[in-house]
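# Examination of the molecular architecture
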Amino acid sequence: HLRGLSASHRSRARAVAAMFASRASATSSPTWRHAARVVSDDVGALAAQFGFKLRAGEHATPRAVASRVRAPDAALDARVTLIYAIIMFAFNWLLRRAVVEPLAGRLMGYGARGVGGARKARRRKMEKFAQSALEMVTYGTFTIIGCAIVPRQRWFWPSSEWWIGAPVKTRATESALRAYYLAYGARYVAGAANVFLEHKRKDFWEMQLHHFATIGVIWVSYIVGWTRVGAVIMLVLDPADVPLHAAKCAKYVGDARGDKKYQLAADVLFGIFLVIFFVMRLVMYPYVVYSAHFEARRYFSPSIPYWLCVALLYVILGLQVYWFKLIVNVVHKVLATGNAEDVRSDDEDEPNGAKAHHD
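Per chain, the residues get numbers from 1 upward, laid out in the order the sequence is written. Residues qualify for local features only when their pLDDT is at least 70, as the model is predicted, and side-chain atom pairs are given and counted only at 80 or more; totals for whole chains, interfaces and linings, by contrast, use all residues. Computation of side-chain values: all heavy atoms of the structure, hydrogens and water removed.

This paragraph deals with unusual backbone geometry. Trans peptide bonds make up the majority, and among non-glycine residues the majority have a negative phi. Here the bond from W157 into P158 is cis, since omega is 5°, no more than 30 degrees from zero. Omega for the peptide link from A166 to P167 comes to -5°, which places this bond in the cis form. Helix numbers and strand numbers start at the N terminus; a helix is a DSSP run of H or I with at least 4 residues, a strand a run of E with at least 2. In this structure, P167 sits in the loop between α5 (116-149) and α6 (175-194).

This part is about helix α9 (residues 241-257). Across its 17 residues, α9 extends 24 Å between first and last C-alpha, which sits within 8% of the 24 Å expected from 1.5 Å per residue. Using a 1.4 Å probe on the protein chains alone, a residue whose accessible area is under 20% of its type maximum counts as buried, one over 50% counts as exposed, and one in between counts as partly exposed. Here α9 lies mainly inside the structure; 13 of its 17 residues are buried. Phi turns positive, to about 70°, at G258, one or two residues after α9. A helix is expected to reach a length of 1.5 Å times the quantity of its residues less one.

The salt bridge definition used is simple: a Lys or Arg side-chain nitrogen within 4 Å of an Asp or Glu carboxyl oxygen. Evaluated as defined, the whole model comprises ten salt bridges. Put simply, D77 and R70 hold a salt bridge, and the shortest N to O gap is 2.5 Å. Each member of the pair, D77 together with R70, is buried. Here E101 makes a salt bridge to R97, at a shortest N to O gap of 2.8 Å. Note that E101 and R97 are positioned in helix α4 (residues 74-108) at a spacing of four residues, about one turn of the helix.

Another point: the packing of α6 against helix α7 (residues 204-224). Where α6 contacts α7, the two axes come as close as 9 Å, and the packing angle between them is 150°. Comparing their axes, α7 and α6 come out roughly antiparallel. For the crossing formed where α6 meets α7, the hand is left-handed. Along its contact with α6, which presents R178, Y181, L182, Y184, G185, Y188, V189, G191 and A192, the element α7 presents Q208, H210, H211, F212, T214, I215, I218, S221 and Y222. Classification used: nonpolar for Ala, Val, Leu, Ile, Met, Phe, Trp, Tyr, Cys and Pro, charged for Asp, Glu, Lys and Arg, polar for all others including Gly. Tallied by class, the residues present in the contact of α6 with α7 amount to ten nonpolar, seven polar and one charged. Axes, fitted as lines to C-alpha atoms, cover a helix only where it is in contact. Angles between the N-to-C directions of the axes lie from 0 to 180 degrees. For this classification, under 35 degrees means roughly parallel, over 145 means roughly antiparallel, 65 to 115 means roughly perpendicular, and everything else is oblique. A crossing counts as left-handed when the near helix is turned anticlockwise from the far one by less than a right angle, and as right-handed when that turn is clockwise. Contacts are assigned to residue pairs that have any heavy atoms within 4.5 Å of one another.

This next bit is on the packing of aromatic side chains. Any two of the Phe, Tyr and Trp rings considered here, Trp counted by its six-membered ring, make a pair once their centres fall within 6.5 Å; the pair's planes then place it as stacked at under 30 degrees, edge-to-face at over 60, or tilted in between. Overall, the coordinates contain 19 aromatic pairs when judged by the stated rule. For the ring pair W157 and Y287, a centre distance of 6.0 Å and an interplane angle of 45° mean the geometry is tilted. With W157 in the loop between α5 and α6 and Y287 in helix α10 (residues 260-293), this residue pair connects regions lying 130 residues apart in the sequence. Overall, the relative accessible area of 31% leaves Y287 in the partly exposed class. With 4.9 Å between their ring centres and 70° between their planes, Y306 and W307 make a pair best called edge-to-face. Residue classification places W307 among the partly exposed residues on the basis of a relative accessible area of 38%. Taken together, W157, W162, Y287, Y290 and F294 form an aromatic cluster joined through their ring pairs. Only when the NZ atom of a Lys or the CZ atom of an Arg is both within 6 Å of the ring centre and within 35 degrees of the ring normal do we say a charge sits over the ring. Across from the ring centre of W32, 5.4 Å away, lies the NZ or CZ of R79, which sits over that ring. The cationic tip of R187 hangs over the ring face of Y184; the distance from NZ or CZ to the ring centre is 4.4 Å.

This paragraph deals with a nonpolar patch on the surface. Residues with no salt bridge and a relative accessible area higher than 30% make up the patches, which join like charges within 9 Å and nonpolar side chains (Val, Leu, Ile, Met, Phe, Trp, Tyr) within 5 Å. Here the accessible surface of atoms and residues is derived via Shrake-Rupley with a 1.4 Å probe, and residues count as covered only by protein chains that are part of the display. On the surface, W157, Y287, Y290, F294 and Y314 cluster together into a nonpolar patch covering about 520 Å² of accessible area. Since its relative accessible area comes to 55%, W157 is described here as exposed.

For the chain, per-residue confidence averages 84 on the pLDDT scale, and residues scoring 70 or more make up 80% of the total. The predictor's confidence in any single residue is recorded as pLDDT, a number from 0 to 100. Note that residues 56-67 has pLDDT below 50 and, in this model, 17 contacts with residues that lie over four places away or in other chains. A low-confidence stretch, residues 348-359 (pLDDT under 50), is modelled with 48 contacts involving residues beyond four sequence positions or located in other chains.

Here is the structure:
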């Protein structure tokens, strides 16, 4: 909506939005019904980015834009995030049980035969396939949404634009970006609960640390007004996981069917994952951390929330280095022995170094 307005109208819209938000928070407490309406509006704005017009008759006037651009409201947005998390958690398990696990059985060639330990082992492999397939879809979906929204922002590049006017003048966000931001945080809230229902992996605690560090960065950056750099981080961290989980799915099917074509596909996908991981998580992401730690301080004075975010960004960076070390160990083992059996496995009973999964 803002792209169709003049610079003066955009400034006026943001000012009106901030005024309305402050008045609303001062006069009334948000309700769950209000939060549900915000979810509906923001998702509608997000859908519009892909050409879906959910509501007719809207025009990009300052008043219409002001109703969709607002400053953060901690009480309201906490409810919005929780609604997103509940929807994602429920949809994940419904889709998994009703569609993905039965599909896994067909792809792996499992019938109804098998009893006792054999049937339990098959069931476990189907669950692992379903878990990776859903994670591939989730990361892929957020990657597509991020690519559709973030690069279009006028502040996307150079990195100095992430900080100019921050945090006061960058607190108000448009509906589509806000939906992406809060839904991203909600995904990790749901994920923190999911890991207790999944097979426990060797990096269980590292994954939990990553979940809570990410949730902390998203929430603090959103409330304080550092959503620009936050959105860039989201865009950088997601893509690598798509080929990783696709590789896992191919390996599970190949192991079950004894078909080397699937193993070859898994090896190719793992190679793609390795390149994307290195470029985006060990080159691009460290630059973002550098910008947050050093470049940002040219534009505003550091505060406690600022240092908290910087510390959490370094925690996430440390986890990327840790996971890449595991990946390198696996690649070294494959080159030395020619055995790729453990490359994409996520079994908690594997030896150290075989674990290449991360979240």
